[in-house]
Amino acid sequence: RTAAATRRDAPQSAYFSAFIHRASSPVGAVARTRSMTQRVTTMTTLETWRATGGARRAARRGARRAMRARGAAGDGDVPSSDDVAPALESDWREFRAKLLAQEKNVKLEEERARAMAASGENLKVLEAQNPKLASAAPWAHVIAAPEKGCLLVAADHEFRMSQQYFHQAVILVLEHHENGSMGIILNRPTQYDMGYVSGDVDGVFAKNALYFGGDVGDGTVSFLHGREDVKGSVEVLPGMYLGGYDSACALVEEQGAKPDEFKFFARYCGWAPGQLESECERGVWFPVAGAKELALKQVIQLPKPLWREVLELCGGELAEISAKAYREQETGLASSEVEIDVDEA
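These notes cover the structure that comes with them. (Residues numbered from 1 in each chain as written. Predicted model: local features only at pLDDT ≥ 70, side-chain atom pairs only at ≥ 80, totals over all residues. Heavy atoms only, no water.)

**Concerning the overall build of the protein chain**
Okay, so step 1: Regarding its fold elements, the protein chain presents 14 helices and 11 strands.
Okay, so step 2: Taking all 345 residues of the protein chain together, the buried fraction comes to 47%.
Okay, so step 3: Taking as baseline every contact in the protein chain between residues at least 6 positions apart, the subset at least 24 positions apart corresponds to 69%.
Okay, so step 4: Within the structure as shown, the protein chain displays about 17,800 Å² of accessible surface, and the carbon and sulfur contribution to it stands at 52%. (Helix = DSSP H or I, 4+ residues; strand = E, 2+ residues; numbered from the N terminus. Buried < 20%, exposed > 50% of the residue type's maximum accessible area, 1.4 Å probe, protein only. Contact = heavy atoms within 4.5 Å. Areas by Shrake-Rupley, 256 points an atom, 1.4 Å probe, with all protein chains shown as cover.)

Next up, the structure:
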């Protein structure tokens, strides 16, 4: 169970049903979502980011930009790219993934072949939607414990009877520290688009899907993207940003960006201090480090579900869990078809 089960703002089941295609009358939920999307927030509250150092991270990002600008102008005091360690210049998680591959003596060709086997079908779709994301090689591997920026992959045996919106969910962890953890579900698109929810049917993001981000934070909308040039955004992870809605609208209107580069999430997931670690130790979630492209891409109509793709990228035991889950699913479908044929006969 998530922290929502013990918080005062735990959602009513009818509200959630509206977002997971099970409500008999979702009008009330949509009306509340419409009111909150009139003003898209960076995250739950700006106070969250101030309390966790988000403002300081944004300031450091601005300082790095200024340093690069001075370097381009020929300032000799600015260190060149050759003086910066690779792990600091880019996403350090990618650097760690390469080290793990080297420790396992995995050849580059083998790693690429496994990545294509896991993500090849989805990459073909992504090439049409977002060529920039599709150009990066996908990767994922298991880590020992949850951390900020990791993915939480739900164990297949969990959430079958209750909180079914978490079944085979993939969650991006945006914050993880002594005060608790928070994240957003990446693979739960709702039946609503932003045009319907916001009432602006002619807006630049009118056709963007609204994702169900979690079971905490009634009245919040997260705005996730990978555009460094969006003004007013906060870099929450290397290459991943929240907020900057007005600037993003201007970029799309000027054709400097495409609407599919941005993702909208209603609500989020929350865990009390120590709760997420406990759930991972019990096997509720598999903590996984993965490429940022896995989080940034749209997951609508993917040939291979994101849950299955991430587990196959991890390989080993997790790939076996994925294979078993889908074998059981296919067997169940085949049994249903046989039963129908017998009845009709």
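Don't stop here, the text continues.
**Things to note about the pairing of strand 7 (residues 216-225)**
Put simply, side chains in a regular strand alternate between the two faces of the sheet.
Okay, so step 1: Where burial is concerned, most of strand 7 is hidden: 8 out of the 10 residues are buried.
Okay, so step 2: Two strands pair when backbone bridges link them, and strand 7 and strand 10 (residues 262-271) are joined in this way by 6 bridges, in the antiparallel orientation. Bridge pairing in strand 10 links His225 to Phe262. (Pairing = 2+ DSSP bridges.)

**Let's talk about the packing of aromatic side chains**
Okay, so step 1: Under the defined criterion, the tally for this structure stands at 17 aromatic pairs.
Okay, so step 2: Considering the side-chain rings of Phe205 and Phe264, the 5.3 Å spacing of their centres and the 65° angle between planes classify their relative orientation as edge-to-face. With Phe205 in the loop between helix 9 (194-198) and strand 6 (209-212) and Phe264 in strand 10, this pair connects stretches of sequence that are 59 residues apart.
Okay, so step 3: Since its relative accessible area comes to 3%, Phe205 is described here as buried.
Okay, so step 4: Taken together, Phe159, Tyr165, Phe166, Phe212, Trp271 and Trp285 form an aromatic cluster joined through their ring pairs.
Okay, so step 5: Positioned over the ring face of Tyr211 is Lys263, at 4.8 Å from the centre of the ring. (Phe/Tyr/Trp six-rings, centres within 6.5 Å; stacked < 30°, edge-to-face > 60°. Lys NZ or Arg CZ within 6 Å of the ring centre and 35° of its normal.)

**Focus on helix 13 (residues 306-314)**
Okay, so step 1: Extensive coverage of helix 13 is indicated by the burial of 8 of its 9 residues.
Okay, so step 2: Turning to helix 13, its buried residues number three or more, namely Leu306, Trp307, Glu309, Val310, Leu311, Glu312, Leu313 and Cys314.
Okay, so step 3: At the C-terminal side of helix 13, Gly315 shows a positive phi close to 70°.

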